[in-house]
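# Topology and contacts: notes
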Amino acid sequence: MTTGALIWLAAFGLSAVVFFAIGACVTVRGARELRELLSPARRMAPTFASRPDSREKLR
Amino acid sequence: VLSIGAGLRARRYVEDLPDYLVAGRRVQTSLGVATFVASEIGTVTFVYLAELGYVAGFACFAIGALQALAYTLVGRTGFIVAGLRRHGVMTIPEFYERRYTRGVRLLGALLLFAAGVLNMGIFLKFDGILLSEVMGFGSGAVAWIMALMLAIVVTYTVLGGMFSVVVTDFLQFVMLSIGMLIATAAVFAHVGPQAMSEAVARHLGDAGVNPLVNERFGGTFLVWVLVSNAASAAIWQPAASKALAADSPDTARRIYMVTGLTFAGRAMIPMLWGVAALAAFGPGASTTAAMPRLLGQVVPSGAIGLLVAGMLAASMSTYSAYLLAWSSVFARDIVGGLSPDALSERTTIRITRWTTGAIGLFLLVFGLWYRIPDTAYQYLFITGAMYTAGAITCVAAGLYWRRANATGAYAALICGAAAPAGFLLLERVRGQLPGWIAFVADVNVAGLLSFGLAVAGIVAGSLVGASGRDKIAGSMSA
């Protein structure tokens, strides 16, 4: 195996591990956040965008 | 089927325009990352990245590293995305009117819409190639696969807007991750690293591991990749819509940073499939069909269903996000910009829905007849650059430079689109061009030139144009 190929395969291995690890974490936590997003109580709460000061900077 | 059902059910959550376009601005980090990654990984992504791996070997992995760097930097610094989220806009062109004039918004929206739809034009074609190769259908089945998939996506996007996009993207993210894992394991089981290394060395030599000596890339191209990715990360409507849907500017930054960390894997995984296809078939196969053909052969029959479900999920999540992004720009910024009176929320949603359907129909026709210049990757970037070069300049100057004004914004948008548009027109007659203009037909030069022209445009236009036209000159500390 050439040195160049070895370096790129190591970079691939690291990138793939990061990709799938983040994917696993995001899947678990994202499911909870999805339930919150779609829950009635959460939908009634005020959001950042609804606060009056969020658009003040533009005026 | 699960994601389609969930997408259709999401309709019940749409109560007003912010719900429809930015999911009520209530998306948190993990969900935002899942939707972001899902919408930026389509079957087309697999095909064009694997094509690069097939024709350029390991050298193309540098593109994945640069993309990860660009997106992570945007997330780390909050460059543009945090500022746009702070202003509470729903589309990028909306910012143009707040900072410059309605005319700038209209021009920016027209460019964004044209570049976005053109950019999306080849998605269906590549999806059809991959799915028909993996599933074993002939080329005649491609159009039917494309039409069916598009009809499903248009239906749930039209009904549920961003809520549908978020819900389906999340489910599709899980499916596509499983599909990518299966495909990668199967590829490694049949084509080992040693075989890949030997194939790259034999067929490509040094150009297969060093992007600087590879004639497809080189220093100019790599600089362009970094600049254009940083720009599109911050300003590409389907990507920026994830920041605009976040529940705060800090969440928007975090979504970008974590998503950026996945981008090296997002690129290198399909690129490796392409390198494996080179090792398996040699350099003589069709560049776009080699990787799908390999997957069709190496993935066990029991897992092929999961793989296809993952590919379909990847495609649908990309279509839905892009369709909503472009149709919302058309309704809110083009029709809204031309209308003398402000459009009601109900009318805006209705126009967005009709536009989504119309874009879907256009894509079906466009995807069948357009001949793609160079590699698909470069086509995607050049159509993207038509918009991003001018837009990143306008928005960055609008946020961070007090003297930027409407004259400069017009100049930046027009100059930024000129070089990529010139490329799309001139590359077809490359051989007949006089020497002094021939450089524009080089895809890398045209892409990089667009950013230089846009910056020159905003600076020159703002300095020459009348001062005091800024609508919100006092708010530029954002």
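Numbers given to residues run from 1 along each chain, matching the order in which its sequence is written. Labels follow written order: the first chain is A, the first ligand is 1, and so on. Selection of residues for local features in this predicted model requires a pLDDT of at least 70, selection of side-chain atom pairs for listing and counting requires 80 or more, and totals for whole chains, interfaces and linings are taken over all residues. With hydrogens and water excluded, all non-hydrogen atoms of the structure serve as input to the side-chain values.

## Some details on the overall build of chain A
In terms of regular secondary structure, chain A is built from two helices and zero strands. Values of accessible area rely on a 1.4 Å probe in the Shrake-Rupley scheme; residue burial ignores everything except the protein chains shown. Per element, the accessible surface of chain A, about 3,600 Å² overall, is 67% carbon and sulfur. The helix count covers DSSP runs of H or I at least four residues long, the strand count covers runs of E at least two residues long, and both are numbered beginning at the N terminus.

## Concerning the nonpolar core
Residues and elements named next belong to chain B. Among the buried residues, those of types Ala, Val, Leu, Ile, Met, Phe, Trp, Tyr and Cys that are joined through side-chain atoms within 4.5 Å form a nonpolar core. The buried label applies to any residue whose accessible area, calculated with a 1.4 Å probe on protein chains only, is under 20% of its type's maximum; exposed applies above 50%, and partly exposed to all values in between. Counting 171 residues, the largest nonpolar core has Phe58, Phe61, Tyr96, Tyr100, Tyr256, Trp273 and Trp326 as the members making the most contacts within it. Examining the composition of this core, we find that 20 residues originate from one element, helix α10 (residues 142-190), more than from any other. Residue contacts are counted whenever heavy atoms from the two residues lie within 4.5 Å of one another. Not counting the four nearest positions on each side in its chain, Tyr256 is found in contact with Phe36, Tyr71, Val74, Gly75, Val81, Ala233, Ala234, Ala239, Ala240 and Ala243.

## Topic: the confidence of the model for chain A
For every residue, the predictor reports its confidence as pLDDT, a number between 0 and 100. Of all residues in chain A, 66% attain a pLDDT of 70 or more, and the chain-wide mean is 75. A low-confidence stretch, residues 44-59 of chain A (pLDDT under 50), is modelled with 22 contacts involving residues beyond four sequence positions or located in other chains.

## Section: the packing of aromatic side chains
The aromatic pairing rule takes the rings of Phe, Tyr and Trp, using the six-membered ring of Trp, and pairs them if the centres are within 6.5 Å, calling planes under 30 degrees apart stacked, those over 60 edge-to-face and the rest tilted. According to the stated counting rule, one finds 15 aromatic pairs over all chains in the structure shown. Arranged with centres 6.5 Å apart and planes meeting at 40 degrees, the rings of Phe12(A) and Phe61(B) form a pair that is tilted. Here Phe12(A), found in helix α1 (residues 3-38), pairs with Phe61(B), found in helix α5 (residues 61-77), and the two come from separate chains. Both residues of the pair, Phe12(A) and Phe61(B), count as buried. With a centroid separation of 5.2 Å and 90 degrees between ring planes, the pair formed by Phe19(A) and Phe20(A) is classed as edge-to-face. Each residue in the set Trp8(A), Phe12(A), Phe58(B), Phe61(B) and Phe188(B) is aromatic and connected to the rest through ring pairs, giving one cluster. A cation over a ring is seen here: Arg293(B) above Phe281(B), with NZ or CZ 4.0 Å from the ring centre. Two conditions define a charge located above a ring, namely a distance within 6 Å from the ring centre to NZ of Lys or CZ of Arg, and an angle within 35 degrees of the ring normal.

## Details of the interface of chain A and chain B
At the interface, 34 residues of chain A touch 54 residues of chain B. Taken over both partners, the interface formed by chain A and chain B buries close to 4,100 Å², and the fraction arising from carbon and sulfur atoms is 72%. Between Lys or Arg on one side and Asp or Glu on the other, a salt bridge is scored when a side-chain nitrogen of the former is within 4 Å of a carboxyl oxygen of the latter. There are zero salt bridges connecting chain A and chain B. Polar contact criterion, stated in full: a pair of N or O atoms within 3.5 Å, where within protein one must be able to donate a hydrogen and the other to accept it, and residues adjacent in sequence count only if both atoms are side-chain atoms. Our enumeration of links across chain A and chain B arrives at five residue pairs in polar contact (both at pLDDT 80 or more). Counting only elements with at least two residues in the side of chain A that touches chain B, the list comes to α1 and α2 (40-44) of chain A. For this scheme, ten residues count as nonpolar: Ala, Val, Leu, Ile, Met, Phe, Trp, Tyr, Cys and Pro. Four count as charged, namely Asp, Glu, Lys and Arg, and the remainder, Gly too, count as polar. Looking at the side of chain A that touches chain B residue by residue, the classes come out as 19 nonpolar, eight polar and seven charged. Simply put, the buried area is the total loss of 1.4 Å probe accessible area from both parts when two parts are fitted together.

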